[in-house]
Amino acid sequence: MLTTSSVPDRDKVAYWNDVVSRTLVPMTVTPRGDGPFDGRIASDRLGYLQVCTMEADAERVSRTPALISRSPEALVAVGVQVSGTATFVQDGRRAEVGEGDLVVCDTTRPYSFDYPQRFATHVFQLPRRTLGVSESDIRQVTGNAIGTGDGFGAMLLPFLATLASSTAGGYPHAVANRLAGNVVDLLSTLIAERAHRGGTDAAERSHLMLRVLDHINRNLGDPDLSPERIARENRISVRYLHRLFEGEGTTVGRFVRQRRLEECKRELARRGGTAPTVSAVAQRWGFVYPAHFSRAFRAAYGISPREWRALRTAQDDRGRTPVARPSAGAVPQDATAGRGVDARGADLPPSRG
């Protein structure tokens, strides 16, 4: 829990801007009142899902193109209004958000929230690529308020509200990952429902993609995970599996390698006297050869795994405010763009088979 209560009045607004920007994504917060500003935010994690509860005085929040350029991570944020009201604007649409309503926003495009009085909201933030839906589908949902009586929202809203209220005690790692997967499934279904009402084929394709992504995430540590095996265990052809990923602008091999790198990066950022070696982390997440893992990590993030661990350790030692940040941010830049890679990250010939 981070709060402005112990901050001098003259510094509260600057402190709140910094806290919100580091906990979620960079944004500008402007108070609407004249008196001392009061705000608090609690943050927790469920695997790759970040869960925050924010309560603050009346304010306006905006994410501009300049701020997006500072943190271009492809994230999706879901807000559940607990108390108060808000006006949400994104993609040219304006939504009036009331208590109990849900909104979806894409952090890679400008948006704003205007809270006319004190409010409370739950915010769920996750990497966009985990949803397995296209950017155009997400655009169908942004800029709208979804209520408990609005189709699939009737199922999703109570689940998210309960989950946000129960994360403070923490869950075992395996349970946390499964809960995060449940949120992804429900949110993806919501997006598919609203983007493809009446489109049965598209909905079935979206459901299949969710099933494939779940299978990959549950088997990342298996070095033998391959397109052939993924296709066989999901009862589809390898060619159709490649077509599913072509629709998302990537390949099966790149996606698997990206997810493995993200999990390694997250685990290497942990502290502790019994922290595993870099090689052990790499092998746990399916990299057979440590040298190949180090090259792939540097190509994706610009530094070596050991440099990344040392950097995070040094930051913690300097006593930075312990704010949870997304561990799976921007999609790694693929150094082998234009070529295929298999599930271990090795090069594949151009043919998809």
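What counts, and at which threshold
- Residues numbered from 1 in each chain as written.
- Predicted model: local features only at pLDDT ≥ 70, side-chain atom pairs only at ≥ 80, totals over all residues.
- Heavy atoms only, no water.
- Helix = DSSP H or I, 4+ residues; strand = E, 2+ residues; numbered from the N terminus.
- Buried < 20%, exposed > 50% of the residue type's maximum accessible area, 1.4 Å probe, protein only.
- Contact = heavy atoms within 4.5 Å.
- Areas by Shrake-Rupley, 256 points an atom, 1.4 Å probe, with all protein chains shown as cover.
- Salt bridge = Lys/Arg side-chain N within 4 Å of Asp/Glu carboxyl O.
- Core = buried A, V, L, I, M, F, W, Y, C linked by side-chain atoms within 4.5 Å.
- Pairing = 2+ DSSP bridges.
- Phe/Tyr/Trp six-rings, centres within 6.5 Å; stacked < 30°, edge-to-face > 60°.
- Lys NZ or Arg CZ within 6 Å of the ring centre and 35° of its normal.
- Axes fitted to C-alpha atoms, helices over the stretch in contact; angles between N-to-C directions.
- Expected span 1.5 Å × (residues − 1).
- Lys, Arg positive; Asp, Glu negative; His and termini not counted.
- Polar contact = N/O pair within 3.5 Å; in protein donor to acceptor, adjacent residues only side chain to side chain.

**Section: the overall build of the protein**
- What the protein contains, in helices and strands, is twelve helices and 13 strands.
- Classification of the 353 residues of the protein by burial places 51% in the buried group.
- At a minimum sequence separation of 6, the contacts of the protein that also span at least 24 residues come to 72%.
- When the accessible area of the protein is evaluated, it comes to approximately 16,100 Å², of which 51% is carbon and sulfur surface.

**Things to note about unusual backbone geometry**
- With a phi close to 55°, Asp-91 is a non-glycine residue in the positive phi region.
- Mapping Asp-91 onto the fold places it in the loop between strand S7 (86-90) and strand S8 (93-97).

**Notes on the pattern of salt bridges**
- Per the stated rule, a full pass over the model turns up 24 salt bridges.
- As a salt-bridge pair, Glu-263 and Arg-259 come within 3.1 Å of each other at their nearest N and O atoms. In this pair, Glu-263 and Arg-259 both sit in helix H9 (residues 252-268), four residues apart, roughly one turn of the helix.
- In this structure, Arg-298 and Glu-307 form a salt bridge, with 3.5 Å as the shortest nitrogen-oxygen distance.
- Among the residues examined, Arg-298 registers a relative accessible area of 42% and is labelled partly exposed.
- Connected through salt bridges with shared partners, the residues Asp-91, Asp-106, Arg-109, Arg-128, Glu-135 and Arg-139 form a single ionic network.

**Re the nonpolar core**
- Ranked by size, the top nonpolar core spans 31 residues in total, and within it Val-212, Ile-216, Ile-230, Leu-241, Phe-245 and Phe-293 carry the most contacts.
- Elements with a contribution of two residues or more to this core: helix H6 (200-218), helix H7 (227-233), helix H8 (238-246), H9, helix H10 (278-284) and helix H11 (290-301).
- Each residue touching Ile-230, except ones within four places of it in the same chain, is listed here: Val-212, His-215, Ile-216, Leu-225, Leu-241, Val-252 and Val-256.
- Among the nonpolar cores identified, the runner-up in size contains 30 residues, and Leu-46, Val-76, Val-133 and Leu-157 belong to it.

**Re the environment of Arg-259**
- For Arg-259, a relative accessible area of 2% translates into the label buried.
- Taking C-alpha positions, Arg-259 is 9.9 Å from Arg-129, a pair spaced 130 residues apart along the chain.
- Among residues more than four places away in sequence, those in contact with Arg-259 are Tyr-48, Arg-129, Asn-217 and Leu-220.

**Some thoughts on the sheet that holds strand S4 (residues 49-56)**
- Spatial strand order, S1-S3-S4-S11-S6-S9: six strands in an open sheet with antiparallel pairing. Only two strands of the sheet have a single partner each, and these edge strands are strand S1 (2-3) and strand S9 (102-106).
- Sheet topology note: the strand S6 (residues 75-83)/strand S11 (residues 119-127) ladder contains eight bridges and is antiparallel. Bridging from a neighbouring strand, Val-80 pairs with His-122 of S11.

**Things to note about the packing of aromatic side chains**
- Summed over all chains, the structure comprises nine aromatic pairs.
- Residues Phe-245 and Phe-255 carry aromatic rings whose centres are separated by 5.6 Å and whose planes lie at 55° to one another, so their mutual orientation is tilted. You can see Phe-245 sitting in helix H8 and its partner Phe-255 sitting in helix H9, a full ten residues away along the chain.
- When its relative accessible area of 1% is taken as the criterion, Phe-245 is described as buried.
- A residue is classified by how much of its surface remains accessible, and Phe-255, at 5% relative accessible area, is buried.
- An aromatic cluster is built from Phe-88, Tyr-111, Phe-113, Tyr-115 and Phe-119, whose rings are joined through pairwise contacts.
- Its end group placed over the ring of Trp-308, Lys-265 keeps NZ or CZ at 4.8 Å from the ring centre.

**A word on the pairing of S6**
- S6 sits mainly inside the fold: seven of its nine residues count as buried.
- Relative to S9, S6 is paired through five bridges, and the arrangement is antiparallel. Along S9, the bridge assignment pairs Gly-79 with Val-103.

**Concerning the sheet that holds S8**
- The strand order across the open sheet built from five strands is S2-S5-S10-S7-S8, with neighbouring strands paired in antiparallel fashion. A strand with exactly one partner marks an edge of an open sheet, and here the two such strands are strand S2 (28-31) and S8. Ignoring which end each strand starts from, the neighbouring axes of this sheet average 15° apart.
- Relative to strand S5 (residues 59-63), S2 is paired through four bridges, and the arrangement is antiparallel. Within S5, the position partnered with Thr-28 by the bridge is Ser-62.

**What about helix H1 (residues 12-23)?**
- A rise of 1.5 Å per residue sets the reference length of H1, with its twelve residues, at 16 Å; its end C-alpha atoms lie 16 Å apart and thus fit the reference within 8%.
- Of all the residues in H1, the buried ones are Lys-12, Trp-16, Asn-17, Val-19, Val-20, Ser-21, Arg-22 and Thr-23.
- For H1, the elements touching its buried residues are S1, S2, strand S3 (39-46), S4, S5 and S11.

**Observations concerning the side chain of Arg-63**
- Counting through the fold element by element, Arg-63 comes out in strand S5.
- Nearest to the buried, unbridged Arg-63 among oppositely charged side chains is Glu-73, at 5.1 Å.
- A distance of 3.0 Å separates a polar atom in the side chain of Arg-63 from the backbone oxygen of Ser-71.
- Setting aside chain neighbours within four positions, we find Arg-63 in contact with Val-25, Pro-26, Ile-68, Ser-71, Thr-107, Pro-110 and Tyr-111.

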